[in-house]
Amino acid sequence: MLTASEVVAKYFLEARAMILELAALLDRYDRARAQAPDSPPDDPRMELLYQALALIAQRNTTPDRVERVLVMFSDPAD
């Protein structure tokens, strides 16, 4: 098992890249909505992304974030 410091050393750059990709998606979405103010209401998938971001940003929580995010994104019909 890796130490906390080893986990950060091993995965930081990959996580940073994923966060930058999310930020880029949100920026593109906001720009697209601003260019078409008469567009339909926000896509419900974007709300799910914001909810997932809030969930993973919780510092003092149980270490089961990935499971909770997977449940959040799962199809309710399943």
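One can find the structure itself at the top, above this paragraph.
Worth saying up front: this structure is predicted, and the values here are computed from it rather than measured.

Q: Just to check I follow, could you spell out the overall build of the chain for this structure?
A: On a plain count of helices and strands, the chain comes out with three helices and zero strands. Moving toward the C terminus, one meets the helices and strands of the chain in the order α-α-α. A compact globule built from 78 residues should have a C-alpha radius of gyration of about 12 Å, whereas the chain, at 16 Å, is more than 25% larger. Dimensions of the chain along its principal axes, counting C-alpha atoms only, are 50 × 30 × 20 Å.

Q: Can you help me understand the pattern of salt bridges in this one?
A: Pairs may arise between side chains of opposite charge once their charged atoms sit close together. For the coordinates displayed, the defined rule picks out three salt bridges. In this structure, R33 engages D42 in a salt bridge whose closest nitrogen and oxygen atoms are separated by 2.8 Å. The partner of D64 in a salt bridge is R68, with the nearest N and O atoms 3.0 Å apart. According to the relative accessible area criterion, D64 is partly exposed, its value standing at 26%.

Q: Explanation requested: a nonpolar patch on the surface in the structure shown.
A: On the surface, a nonpolar cluster with roughly 250 Å² of combined accessible area is contributed by L2, V7 and Y11. Take Y11: it is sitting in helix 1 (residues 4-35).

Q: Honestly, the environment of L55 in this entry has me stumped. Any pointers?
A: The topology assignment puts L55 in helix 2 (residues 44-56). Look at L55 and you get buried, because its relative accessible area is 10%. Between the C-alpha atoms of L55 and P40, which are 15 residues apart in sequence, the distance is 26 Å. Non-local contacts of L55, meaning those with residues more than four positions away in its chain, are made with R65, R68, V69 and M72.

Q: In this structure, what is going on with helix 2? I would like to understand it.
A: Since one α-helical turn is 3.6 residues long, residues separated by three or four positions face the same way. Between the first and last C-alpha of helix 2 there are 19 Å, a value that for 13 residues agrees with the 18 Å anticipated at 1.5 Å per step. Buried residues of helix 2: M46, A52 and L55, and no others. Next to the buried residues of helix 2 lie helix 1 and helix 3 (65-73).

Q: What should I look at first to understand the packing of helix 2 against helix 3 in this one?
A: Two measures define how a pair of helices packs: the angle their axes make with one another and the distance between the axes. Helix 3 packs onto helix 2 with a crossing angle of 165° between their chain directions and a minimal axis gap of 10 Å. Here helix 2 lies roughly antiparallel to helix 3, going by the angle between them. The two elements helix 2 and helix 3 cross, and the hand of that crossing is right-handed. Contacts from L48, L49, Q51, A52, L55 and I56 in helix 2 reach R65, R68, V69, M72 and F73 in helix 3. Broken down by class, the residue content of the contact of helix 2 with helix 3 amounts to eight nonpolar, one polar and two charged.

Calculation rules
Residues numbered from 1 in each chain as written. Predicted model: local features only at pLDDT ≥ 70, side-chain atom pairs only at ≥ 80, totals over all residues. Heavy atoms only, no water. Helix = DSSP H or I, 4+ residues; strand = E, 2+ residues; numbered from the N terminus. Rg over C-alpha atoms; globule rule 2.2 N^0.38 Å. Salt bridge = Lys/Arg side-chain N within 4 Å of Asp/Glu carboxyl O. Buried < 20%, exposed > 50% of the residue type's maximum accessible area, 1.4 Å probe, protein only. Patch = residues over 30% accessible without salt bridge, like charges linked within 9 Å, V, L, I, M, F, W, Y side chains within 5 Å. Areas by Shrake-Rupley, 256 points an atom, 1.4 Å probe, with all protein chains shown as cover. Contact = heavy atoms within 4.5 Å. Expected span 1.5 Å × (residues − 1). Axes fitted to C-alpha atoms, helices over the stretch in contact; angles between N-to-C directions. Parallel < 35°, antiparallel > 145°, perpendicular 65-115°, else oblique. Left-handed = near helix turned anticlockwise from the far one by under 90°. Nonpolar A, V, L, I, M, F, W, Y, C, P; charged D, E, K, R; others polar.

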